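# Analysis of the macromolecular model
Read off the chains here:
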Amino acid sequence: MANEEQIAQWNGEAGEHWAQRDARMSEVLAPFSAAVMEHAGVDGARAALDIGCGGGSQTLALAERLGSNASVLGVDVSAPLLAIAEAQRTAHPAGERVRFERGDASAYDFSPAGFDLLFSRFGVMFFDAPAQAFRHLRGAAKPGAKLAFCCWQELSSNPFVAVPLQAALSVLPPPPPPTPRAPGPFAFAEHDYLGGLLDDAGWTSIDVTPRHIPMRWGGHEDFSTTVHELVNVGPIGRMLNEAKADDAARDAVYHTAEELLAPFYMNSALHMDGAVWLVTASNGD
């Protein structure tokens, strides 16, 4: 099976960690889902695939946008997140037009030419062999079908990760340098590399557009709690766990993070832009 490490991670601690925070993360990331839909012009699709659907909030939002004549399949490797997705589906007005399946989208046995829209919000950066994965996904696309997704630009352009990382590195020894283009949140940070992957996979009319989208963290807790939450989400939380940071080290990281993040805090929340690529392509013209 491909992507074994990612599958293990998202069915283990990372998946459980994200599932516990799914409601918060859905709120934070909703503007990115909306931006992809608007930028790509998804209206008119009747059979859509959500790649890496996670807890399903964007899958349901997509189904709602596409309307009563459309159906959406959400695929993800994570059992903890799919449990959240299924619970949300049963309570959502568009839920009867949505289906969730557990599987690795890079190798899933899709019906050939079954979808006229392939959509993803931050779900495509974790493939072991991305060119092969995008080629496989193209096999599930109808002629002329649209691919539409967002992915992160470089870490340094995303302060919601870069600032907590600076705080962590002021206390902990640096981890080994990441392998360039390795599966992970910033695997597609390079514009030309990303476009080349899609071209190699046979997609056409490729467009990779930069966009800065406002992110709002908090609004429900005080400043300190919000900072702790941000530090523990994603790669910095994993870094703390892998370093086996004790309470004193974690407290030092939180304290430094509060100092560095204070300028971003206003109206009871942290406000930082997320730098992303909005990507569209076609399965033939």
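You'll find the structure just up there.
In short, a report on the structure.

### A word on the side chain of R21
Positionally, R21 belongs in the loop between α2 (13-20) and α3 (22-40). Polar contacts involving the side chain of R21 include one to the side chain of E229, which spans 3.1 Å. With residues near it in sequence (within four places) discarded, R21 still touches E229 and V233.

### Remarks on helix α5 (residues 79-91)
In a regular helix each residue adds 1.5 Å, so 13 residues correspond to 18 Å; α5 covers 19 Å between its end C-alpha atoms and thus fits that length. Contacts from the buried residues of α5 go to α1 (4-10), α2, α3, β2 (71-76) and β3 (98-102).

### A short note on the packing of α3 against helix α4 (residues 57-66)
Following both chains from N to C, one finds α3 and α4 inclined at 40 degrees, their axes separated by 10 Å at the closest point. Looking at the two axes, α3 sits oblique to α4. When you trace α3 past α4, the crossing you get is right-handed. Contacts between α3 and α4 pair S26, S33, M37 and E38 from the former with S57, Q58, A61, L62 and R65 from the latter. Among the residues forming the contact of α3 with α4, the class breakdown is 3 nonpolar, 4 polar and 2 charged.

### Some words on the side chain of Q153
Considering the arrangement of structural elements, one finds Q153 in the loop between β5 (141-152) and α7 (159-169). The exposure class assigned to Q153 is buried, which follows from its relative accessible area of 7%. At 2.7 Å, the side chain of Q153 forms a polar contact with the backbone oxygen of V276. Setting aside its immediate chain neighbours within four residues, Q153 contacts N158, F186, A189, P210, R211, A275, V276 and W277.

### Here's the deal with unusual backbone geometry
You will see that K244, though not glycine, has its phi angle at about 50 degrees, which is positive. Mapping K244 onto the fold places it in the loop between α10 (235-242) and α11 (247-261). For N267, which is not a glycine, the phi torsion comes out positive at approximately 50 degrees. Considering the arrangement of structural elements, one finds N267 in the loop between β7 (265-266) and β8 (269-282).

What counts and how
Residues numbered from 1 in each chain as written. Predicted model: local features only at pLDDT ≥ 70, side-chain atom pairs only at ≥ 80, totals over all residues. Heavy atoms only, no water. Helix = DSSP H or I, 4+ residues; strand = E, 2+ residues; numbered from the N terminus. Polar contact = N/O pair within 3.5 Å; in protein donor to acceptor, adjacent residues only side chain to side chain. Contact = heavy atoms within 4.5 Å. Expected span 1.5 Å × (residues − 1). Axes fitted to C-alpha atoms, helices over the stretch in contact; angles between N-to-C directions. Parallel < 35°, antiparallel > 145°, perpendicular 65-115°, else oblique. Left-handed = near helix turned anticlockwise from the far one by under 90°. Nonpolar A, V, L, I, M, F, W, Y, C, P; charged D, E, K, R; others polar. Buried < 20%, exposed > 50% of the residue type's maximum accessible area, 1.4 Å probe, protein only.

Shape descriptors only; they carry no functional weight alone.
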